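Geometric and topological summary
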Amino acid sequence: MGIFDGLPVSPDKEYLREEISRIDESWAAARFDSLPHVVHILTSKDREGEVEFLKQQSDVVEEVVDEVVHHYHSGFNKAIQNYSQILRLFTESTESIGVLKVDLGEAKRRLSSRNKQLHQLWYRSVTLRHIISLLDQIEGISKVPARIEKLISEKQYYAAVQFHVQSMLMLEREGLQTVGALQDVRSELTKFRGVLFYKVLEDLHAHLYNKGEYSSAALSLHEREDEVPTTTAVVFSNSQSLSRRTRQLKGDNQFGIHGDGSFRAGSVDGGSSIDGPDEEGNLELHDEATSDGHSTSARANGDVKVVPHQMPTWLQHSTPDEFLETIKKSDAPLHVKYLQTMVECLCMLRKVAAAGAMICQRLRPTLHDIITSKIKNHAELVNSSRSGIGQAARAAAAGQHSMKGQLESYQLPKQKRQNGISLAGTLLAASPVSPVMAPAGKAQAAAKDLLNSILDAVVRIFENHVVVGELLELKSSQQADMNTPKSMQTDININPDSESSQVTGGYSIGFSLTVLQSECQQLICEILRATPEAASADAAVQTARFASKAPSKDKRDSSEEGLTFAFRFTDATISVPNQGVDLIRQGWSRRGPNVLQEGYGSAAVLPEQGIYLAASVYRPIIQFTDKVASMLPKKYSQLSNDGLLAFVENFVKDHFLPTMFVDYRKGVQQAISSPAAFRPRAHAAASYTPSIEKGRPVLQGLLAIDFLAKEVLGWAQAMPKFAGDLAKYVQTFLERTYERCRTSYMEAVLEKQSYMLIGRHDIEQLMRLDPASAYLPNAFGQSNMETHASDGENYEVELELSELLLNLRPIKQDNLIRDDNKLILLASLSDSLEYVAESIERLGETTFNAPNQIKGTGKNHHRRTSSAPARDLASFADEYRKLAIDCLKVLRIEMQLETIFHMQEMTNREYMEDQDAEEPDDFIISLTAQITRRDEEMAPFVSALKRNYIFGGICSVAANASIRALADMKCINLFGVQQICRNSIALEQALAAIPAINSEGVQQRLDHVRTYYELLNMPFEAILAFITEHEHLFTAAEYANLIKVQVPGREIPADAKDRVSEILSR
């Protein structure tokens, strides 16, 4: 960048920039040396050219200077003019100051001549102004009572208290104390102090219980109409000993002692000694309770409008001060601001202790009335809704008893069985509770709805008590800090309630929560019909705990004799001074704290009351405890744990669960010991149906046990924390039921050959490999088909099993189950056991594996369950299913043994008939009749697949028995062969008549028998040709038996066996 850059050159003379850039910068040096340039010109060959070049550069510089002068000419002129003007004004000011000095000197000379007279006149004017000010103050004070009365009528309590406090301070000033005319005003203001206290306390009391004009319930109603979202909950942080609202107040140091003076500990009227008047005379309060993003709501002309940082209506006539500015800037809900204002009024009136005493005295009766009125309103609502329900709808609803929630799949059928037996009546007779008191009954739902409604109201009330209690406790703590040396401040925090409760008249957050929970406890006791016998002992324990003393061991031990609760609270005795007597007479103590209160009238709402309603009480109490815990400051956090939740949990653990166990154990015992418990249905349906509602013939005892187990697990769903204990109850009931089922099973199969055979290892393995085992239910979650065997391997398994059974001949009739009723019992028991096993598995999965967190809370610590109960129930389901499989195995082996018992008659007769066979043998007729009869009798009790398994083994055993019978025959003629074929046809017809059995398989097996016996009608050479073509159709022994038996008219060569062996050995 050159030294001449930035010069103001016009665009039409841009060439000058290029010319200037050619000039050497040495010409612009601060200390210019001309000697080098002179020497350069003198030594140059073209001196004139060099001089001419210098002249050209000089012209360029002059032209640039002309441009600069032209550009800045106006600015130079204006600067010169301004400088001239400044110089002129400075000269004129100097002359004026000189004249002023002369005038001031003259004035000083004249004033000094009358100095004493002027001083007297000034003193007189000051005195007169003071007198006029006093007269104005007297006149203003004389109008204060009327103005206060007007403000009270307009419910501008804060403005009225401001005027009262300021007026009382003014009356205490020097000069006004001796004015006799103000004595009447002073007495009126003293009277108004009591009136203001009563009005403020009455309004505060109404808003504490959400009955005031600015209560959260009233505001939310208007805001719902205007579709304005509001937040009434006050959330507190437990990170420090105080809540977030109080920590903000304490951090800003804006909730201080009023300028009137300080409270005396234990003083009810709040009297104080005035240390010095505060010019502001106001109390400032910050509320940073909830900042939920909504603007402050203000009421105008009966409507609620959202106006950011607008002064509430009850403060519009108040004198601006720091408290009003704080309220205006606060984002707290409107009802919280109103409570803050009322507390501020009490502090300004120095009536905190008296107000606390009155609130304590009225807390329990008021809460009792609120609960009673809500129950009455709830009862009226229920009665009005009932009146609109028709008689038919009521009758239908009364007969319904269903498991809801995750047990919705299970429902009591309302219709009757086809045999006329009411299933619902049978099941309900087994339950120790009525349908109304069942886990999903009307009484449970009604109790839960009622308790939810009442506890929600109590939570809203407690929210207001937390706001007021925190403000009053913070006031008392600051009072203690001001009046206590720093060395003693450490000891004050040992018991936070002791000092603050004296200043607040015994009122604190802990006290309000104690009474609230005590009333809720009494309501719960009424709902549960529980009357504690050791209430006084529990009260002593609780009182000692609040006093940080160890409770009396004798009293604690004596409380364990009866129905003991975790707490039982009584109101503390409050001594009210003389100033509170007139308030009591005005109606603030209509009911004393120790007056025995009547009940709440919950019986008008609940269909039934009793201990089983503890299940419906549990969840609302958990939600209530979580809400209360979120509001409590940290130092009161233990109160939520020692309150209703501990009482309910102790009651459930110590009383409800033992009672339930005894009742349901009795119901289980009655269900399984009844004569009809394990008796199959006498008039069952013609065909099997898998639906219990449509007539599945589950044994009455097992059906009742299943119902009871579902009902107990229904209680577990209502009380997740005790689900493990209830699951153990169910396991105990299932274990007893299993033992009873095992006993019934053993009674039917004891000393029977079929039962002993299924216990043999070889037969058990073959039955497991048998393809028919695919029809069995899966035990222990394993597949019954261990291998995917081919048809040839399956045939070998059937053949080997048949051989083992045939080797047991002769079968004795005493070793068989001849009583068809026992067989029907085994079939029904198998199906019933499988039904219970499936139900148990389903219950275990839905009850213990599904998430069961309590709604309305972010916590799940109330659920004390794991997968262990589900696994235990699954193991019981496997045991039940295994016993059901054993029943089916016994039935299958029994039918096979029955077939062998009848077929073994073939070896005892000769088939040398003299005529064509028209009828099958008698033993075949008896066998087919027995198969048909038993199939018809079992059809209603087992499914088609199970019938296929039971009767499917007959065909293979009969076929193998028929073929093996030829080895025991010495001779047989053509008519005998026809007789055996006729027997196989009859057996085929009987088995094919069973719908579940595959008729093609039966025909194939028995065709194999007929083919075998028809070979006896062929000559020897034809037999050899058949063997050559079908050498694997029969075994070598079976072909040998064909040659061995004597058939009239058939010639067998001597080397027949060798020739057959030669063919088979190829």
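Now for a quick tour of the structure. (Residues numbered from 1 in each chain as written. Predicted model: local features only at pLDDT ≥ 70, side-chain atom pairs only at ≥ 80, totals over all residues. Heavy atoms only, no water.)

Take the overall build of the protein chain next. Secondary structure assignment for the protein chain yields 39 helices and two strands. Residue burial in the protein chain is summarised as follows: out of 1066 residues, 48% are buried. In the protein chain, of all internal contacts separated by at least 6 residues, the share reaching a separation of at least 24 is 80%. As displayed, the protein chain offers around 52,600 Å² of accessible surface, 52% of which is attributable to carbon and sulfur atoms. (Helix = DSSP H or I, 4+ residues; strand = E, 2+ residues; numbered from the N terminus. Buried < 20%, exposed > 50% of the residue type's maximum accessible area, 1.4 Å probe, protein only. Contact = heavy atoms within 4.5 Å. Areas by Shrake-Rupley, 256 points an atom, 1.4 Å probe, with all protein chains shown as cover.)

Before going further, it helps to spend a moment on the pattern of salt bridges. Counted by the stated rule, this structure contains 25 salt bridges. Salt-bridge contacts for E988 lead to R1010; the nearest nitrogen and oxygen are separated by 3.0 Å. Linking E988 in helix α35 (residues 974–992) with R1010 in helix α36 (residues 999–1014), this pair joins segments that are 22 residues apart in sequence. According to the relative accessible area criterion, E988 is buried, its value standing at 15%. According to the relative accessible area criterion, R1010 is buried, its value standing at 12%. Salt bridges linked by common partners bring R818, D820, E898, R933 and R934 together as one network. (Salt bridge = Lys/Arg side-chain N within 4 Å of Asp/Glu carboxyl O.)

This part is about a nonpolar patch on the surface. A grouping of L128, I131, I132 and L135 is seen on the molecular surface, where their side chains present a nonpolar patch of about 370 Å² in accessible area. Mapped onto the elements of the fold, I132 is located in helix α4 (residues 115–142). (Patch = residues over 30% accessible without salt bridge, like charges linked within 9 Å, V, L, I, M, F, W, Y side chains within 5 Å.)

The calculated volume of the largest pocket comes to roughly 1,200 Å³. If you trace the largest pocket, you find 42 residues lining it, with Y795, E798, S956, G1001 and R1005 closest to the centre. Taken together, the elements giving at least two residues each to the lining of the largest pocket come down to α29 (791–806), α31 (868–903), α33 (944–951), α34 (954–965), α36 and α38 (1036–1044). The element best represented in the lining of the largest pocket is α29, accounting for eight residues. For the lining of the largest pocket, the per-class residue count stands at 18 nonpolar, 14 polar and ten charged. (1 Å grid on protein atoms, 1.4 Å probe; cavity = no way out; pocket = protein on both sides within 12 Å on 5 of 7 lines; lining within 4 Å. Points joined across faces, edges and corners; volume = space filled by probe spheres on them. Nonpolar A, V, L, I, M, F, W, Y, C, P; charged D, E, K, R; others polar.)

This next bit is on helix α18 (residues 509–528). An ideal rise of 1.5 Å per residue puts 28 Å on 20 residues; α18 measures up with 28 Å between its terminal C-alpha atoms. Among the 20 residues in α18, 19 count as buried, and that is most of the element. (Expected span 1.5 Å × (residues − 1).)

Moving on, we get to the side chain of S744. One can find S744 in helix α26 (residues 723–749). If near-sequence neighbours (up to four positions away) are discounted, S744 is found in contact with F678 and L825.

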